Amino acid sequence: MRMPERAGALGALLRELATDRRVVDEMVEAAREHSPEVARLPTAENRRHVAALLTAGLASFERLAEPSERDFAEARRLGADRAAQGVSVAGLLRGVQAGRQRVVEIALDRGRAAGIPDTALLDALLELGRYASALERALVDGHHTAELELARTRRDARNRLLRRLLLDEAGDARPGDGLGPRPDDLAAFGLRPDGRYHCVVTELTDPARIAAVERQLCGGGALFGTGDDRLAGLCVRLPPADLADAAGFAVADPARPLAQAPALHRLCVAALRAASRAGLRGLHRLVDLAGETALAAQPALADLVSGELLAALDPADEFHRQLASTALTYLDHGQRLDRTAEALHLHPNTVRYRLRRVQELTAMPPTLAEPGGRWPVPQTVRWWWALRTWLDGDPLRNPAAGRPGLAQPHRPAR
């Protein structure tokens, strides 16, 4: 209920509260006592904002008209300032509500001392409470608006720094050489010019999923963001397994100086592509994917090797696919007949028969499946690469069966 006038003793009380520095000081003291976040700010900063809010609020309250947007402009500015200073919404409201409670207590004491009837005081305080609630909503609105803008600005700055470190967007500049990111820029995101970091790339390209995983990865000496349209980053410690499972990581390990980050990032991207083709998930060290990454970088040579060594095999022939898959599984399992049979759920004699059929159809050396027979490493790599390329390039191969990976058994149709 709005009172018909703001004159007389009540009006004088309002003007007294608005201009009394002691009232502001007591409100500031109450706010700092009940909100540790507010207490960390300079007292002069608290006093300036409390005085402005009190003056605007009581001036609006003294008028007959309903409060306007202009009356809450200072509240929105205060909310935005607190967001920029790192004060949470909860911390802000604790301080504001404590100051509000204190000014109500002062108004009651002084109003009764001035002889203002309790009914008039109660009506005034109820109306003041409604105004104060609207003011708090304006504070929260200003805080949230500024927080979103700050998050966007910080995210943009983080992504710019990350692209500079990982993609070498500044040319040949390096941290510490006078041309790369300044130490202050690195320190703003928890990095050190002399630090050593793991380079991490992921398969995540969906902005919503990137934001969710990114929030969990950043901090503690880690910088993650969108680099080359996918979530990537630098970290002192490897990400936990659950986040790795959610994002499909390829990791540069061990950690290296920031100056090596662009080269490591390129290798990680290449390793990620190789791991994706192999159907691998989770956390993988770059060195563990070195073989597949190096071979995948030579697709033309892979086709030549496959075409030369396996020219006699017909991709449309189901039996030929079984033979090639069995031979590849045999190489994946250290040329061990027993392990191959177990992986394929076959009898060892069946594996031995298929390997001999491959030898009859191709130029494959005859030492396979013989007791103690082992190929030299270069020969093993050459045949493994040929078989893998031939199977991956087969359009009739069942995609639901999955793509073979490092030490992953092939399971052909039987």
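My aim in this report is to walk through the structure given alongside it, one point at a time. The structure displayed is predicted, hence computed values, not measured ones.

Some points on helix H16 (residues 348–361)
Thought 1: Taking 1.5 Å per residue as the helical rise, H16 with its 14 residues ought to reach 20 Å, and the 20 Å between its terminal C-alpha atoms agrees with that figure.
Thought 2: For H16, the complete set of buried residues consists of Val351, Arg354, Leu355, Val358 and Gln359. The buried residues of H16 occupy one face: seen down the axis, they fall within an arc of 145 degrees.
Thought 3: As for H16, its buried residues are in contact with helix H14 (318–332) and helix H15 (337–344).

What to know about the environment of serine 306
Thought 1: By the secondary structure assignment, serine 306 is in helix H13 (residues 299–309).
Thought 2: When sequence neighbours within four positions are dropped, the list of residues in contact with serine 306 reads Ala311, Ala386, Thr389 and Trp390.

A word on the pairing of strand E3 (residues 230–235)
Thought 1: In terms of residue burial, E3 counts as a mostly covered element, since six of its six residues are buried.
Thought 2: Burial along E3 is two-sided: Arg230, Ala232 and Leu234 facing one way and Leu231, Gly233 and Cys235 facing the other are all buried.
Thought 3: Pairing geometry for strand E1 (residues 196–202) and E3, over four bridges, is antiparallel. Following the sheet pairing, valine 200 is matched in E3 by glycine 233.

Notes on the packing of helix H5 (residues 73–84) against helix H7 (residues 118–166)
Thought 1: The interhelical angle for the contact between H5 and H7, taken along N-to-C directions, is 40 degrees, at an axis separation of 7 Å. One element, H5, and the other, H7, form an angle in the oblique class. Read as a crossing pair, H5 and H7 show a hand that is right-handed. Residue-level contacts link Ala75, Arg76, Leu78, Gly79, Ala80, Arg82, Ala83 and Ala84 of H5 to Leu135, Ala138, Leu139, Asp141, Gly142, His143, Ala146, Glu147 and Leu150 of H7.

Scoring rules and cut-offs
Residues numbered from 1 in each chain as written. Predicted model: local features only at pLDDT ≥ 70, side-chain atom pairs only at ≥ 80, totals over all residues. Heavy atoms only, no water. Helix = DSSP H or I, 4+ residues; strand = E, 2+ residues; numbered from the N terminus. Expected span 1.5 Å × (residues − 1). Buried < 20%, exposed > 50% of the residue type's maximum accessible area, 1.4 Å probe, protein only. Arc of directions from axis to C-beta. Contact = heavy atoms within 4.5 Å. Pairing = 2+ DSSP bridges. Axes fitted to C-alpha atoms, helices over the stretch in contact; angles between N-to-C directions. Parallel < 35°, antiparallel > 145°, perpendicular 65-115°, else oblique. Left-handed = near helix turned anticlockwise from the far one by under 90°.

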